[in-house]
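If you want the building blocks of each chain, they are given just below.
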Amino acid sequence: EIGEYVVLEGSARHSKNSKIIHVLNLGKKDAIKLGRGHESNIRISDISVSRCHALIKVIDKKFYIEDNNAKFGTLIGFTDPILITNHVSVQVGRTVLNFEM
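One structure accompanies this document, and this report is about it. (Residues numbered from 1 in each chain as written. Predicted model: local features only at pLDDT ≥ 70, side-chain atom pairs only at ≥ 80, totals over all residues. Heavy atoms only, no water.)

Here we look at the overall build of the protein chain
Assigned secondary structure in the protein chain consists of 0 helices and 10 strands. Order of helices (α) and strands (β) in the protein chain, N terminus to C terminus: β-β-β-β-β-β-β-β-β-β. Taking all 101 residues of the protein chain together, the buried fraction comes to 40%. Of the contacts made within the protein chain by residues no fewer than 6 positions apart, 31% connect residues no fewer than 24 positions apart. (Helix = DSSP H or I, 4+ residues; strand = E, 2+ residues; numbered from the N terminus. Buried < 20%, exposed > 50% of the residue type's maximum accessible area, 1.4 Å probe, protein only. Contact = heavy atoms within 4.5 Å.)

Quick notes on the sheet that holds strand β4 (residues 42–43)
Within a sheet, each strand pairs with its neighbour through backbone hydrogen bonds, oriented either parallel or antiparallel. In space, the 5 strands of this open sheet follow the order β4-β3-β5-β6-β8, with mixed pairing throughout. A single partner strand is all that each edge strand has here, and the edge strands are β4 and β8 (82–83). Here 4 bridges tie strand β3 (residues 31–35) to strand β5 (residues 54–59), and the two strands are oriented antiparallel to one another. Residue pairing for β5: A31 is matched across the bridge by K57. (Pairing = 2+ DSSP bridges.)

As for the pattern of salt bridges
Counting across every chain of the model gives 2 salt bridges. Among the salt bridges present, the one from D46 reaches R94, with a minimum N-O distance of 3.4 Å. Taken together, the residues span a long stretch of sequence, with D46 in the loop between β4 and β5 and R94 in the loop between β9 (88–92) and β10 (95–100) at a distance of 48 residues. Judged by relative accessible area, D46 falls into the buried class, the value being 7%. With a closest N to O distance of 3.2 Å, K57 and E66 form a salt bridge. Given the relative accessible area of 28%, K57 is considered partly exposed. (Salt bridge = Lys/Arg side-chain N within 4 Å of Asp/Glu carboxyl O.)

What follows is the structure, encoded as structure tokens:
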């Protein structure tokens, strides 16, 4: 069982010193949108990222990430949503996201 928060650290592959940390709380939302569009909850400044590239969802009190049919895909190794566990890295466009639970 997990708590209400997820910490998301993003680092661009082309910039080793550039890191962004987000603390996520879904609250009453069904999902958190990751992408470069204005409607995304987590905005990723990477031209290879779709406007709404991926979604983070809570199913049975566990966090999952799924690709949102992005043009360049989300490199998670699966086509179905996958469980986010401690120390999981996901590539979104050219950006790598590291999850800590």
